[in-house]
Amino acid sequence: EEPAFAWWAPFALKKRERNIAKAVPKYWRTTHKFGIEVPKTVERAYEIDKENGNDFWHRAICKEMDKVSIAYKEHEGRTPEEVRNNRAPELAQYQEIGMHIIFD
């Protein structure tokens, strides 16, 4: 170890862990911001739209998905089920990535 880092590295790692531990519970406690309910899931976002009789969360989700769609490449003639069941050998080097939308 470098002597210059030996004294502050343990302190920095402990502080990082404390900050993460403080932030995660706050995310789950926060249900409203500025008087507006903030959903935790996409399904809840659509329920809020239905309850309020508008489509604000739907439009926000569509806008976000348009922004990130550049990272996804469609392959004609292959369904996700075929790829998951290894029936598409040309796509074997690809990996499926899950997604979670954080409404904030």
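Just above sits the structure.
All of these numbers come straight from a predicted model, not from anything done at the bench. (Residues numbered from 1 in each chain as written. Predicted model: local features only at pLDDT ≥ 70, side-chain atom pairs only at ≥ 80, totals over all residues. Heavy atoms only, no water.)

*Asks:* Help me understand the overall build of the protein chain, please; the structure alone is not making it clear to me.
*Replies:* Counting secondary structure elements, the protein chain contains five helices and two strands. In the protein chain, the succession of α and β elements from N to C terminus is α-α-β-β-α-α-α. On C-alpha atoms alone, the protein chain measures out to a radius of gyration of 21 Å, which is more than a quarter above the 13 Å that the 2.2 N^0.38 rule sets for 104 residues. In terms of overall dimensions, the protein chain has a C-alpha envelope of 60 × 50 × 20 Å along the principal axes. Put simply, of all contacts in the protein chain between residues at least 6 apart along the chain, 35% involve residues at least 24 apart. When the accessible area of the protein chain is evaluated, it comes to approximately 9,300 Å², of which 58% is carbon and sulfur surface. Counting 18 positive and 18 negative side-chain charges, the protein chain places the centres of these two groups 9 Å from one another. (Helix = DSSP H or I, 4+ residues; strand = E, 2+ residues; numbered from the N terminus. Rg over C-alpha atoms; globule rule 2.2 N^0.38 Å. Contact = heavy atoms within 4.5 Å. Areas by Shrake-Rupley, 256 points an atom, 1.4 Å probe, with all protein chains shown as cover. Lys, Arg positive; Asp, Glu negative; His and termini not counted. Charge placed at Lys NZ, Arg CZ, Asp CG, Glu CD.)

*Asks:* How should I be thinking about unusual backbone geometry in this particular structure?
*Replies:* Trans is the common state for peptide bonds, and a negative phi is the common state for residues other than glycine. We note that Phe34 has phi near 55 degrees; this positive angle belongs to a residue other than glycine. Assignment of secondary structure puts Phe34 in the loop between strand 1 (32-33) and strand 2 (36-37). Overall, Phe34 belongs to the exposed group, its relative accessible area being 84%. Positive phi, normally seen in glycine, also occurs at Asn86, with a value near 60 degrees. Position of Asn86 among the secondary structure elements: in the segment after helix 5 (80-84). (Buried < 20%, exposed > 50% of the residue type's maximum accessible area, 1.4 Å probe, protein only.)

*Asks:* I would appreciate a short explanation of the packing of helix 3 (residues 42-52) against helix 4 (residues 56-68) in the present structure.
*Replies:* What describes two packed helices is the angle between their axes and the distance between those same axes. The interhelical angle for the contact between helix 3 and helix 4, taken along N-to-C directions, is 140 degrees, at an axis separation of 7 Å. The angle between the axes of helix 3 and helix 4 places the two elements in the oblique class. Two secondary-structure elements touch here, helix 3 through Val42, Ala45, Tyr46, Ile48 and Asp49 and helix 4 through Phe56, Trp57, His58 and Ile61. Here the residues of the contact of helix 3 with helix 4 are counted per class, giving seven nonpolar, one polar and one charged. (Axes fitted to C-alpha atoms, helices over the stretch in contact; angles between N-to-C directions. Parallel < 35°, antiparallel > 145°, perpendicular 65-115°, else oblique. Nonpolar A, V, L, I, M, F, W, Y, C, P; charged D, E, K, R; others polar.)

*Asks:* Mind showing me how you'd approach the packing of aromatic side chains here?
*Replies:* Think of a pair of aromatic rings as described by two things: how far the centres are apart, and how the planes are tilted against each other in angle. Applying the stated criterion across every chain, the model contains one aromatic pair. A centroid spacing of 5.3 Å and a plane angle of 85 degrees characterise the contact between Trp57 and Phe103, whose relative ring orientation is edge-to-face. Pair noted here: Trp57 is in helix 4 and Phe103 is in the segment after helix 5, with a separation of 46 residues, a long-range link. For Trp57, a relative accessible area of 18% translates into the label buried. (Phe/Tyr/Trp six-rings, centres within 6.5 Å; stacked < 30°, edge-to-face > 60°.)

So far we have only geometry, and geometry alone does not tell us how the molecule works.
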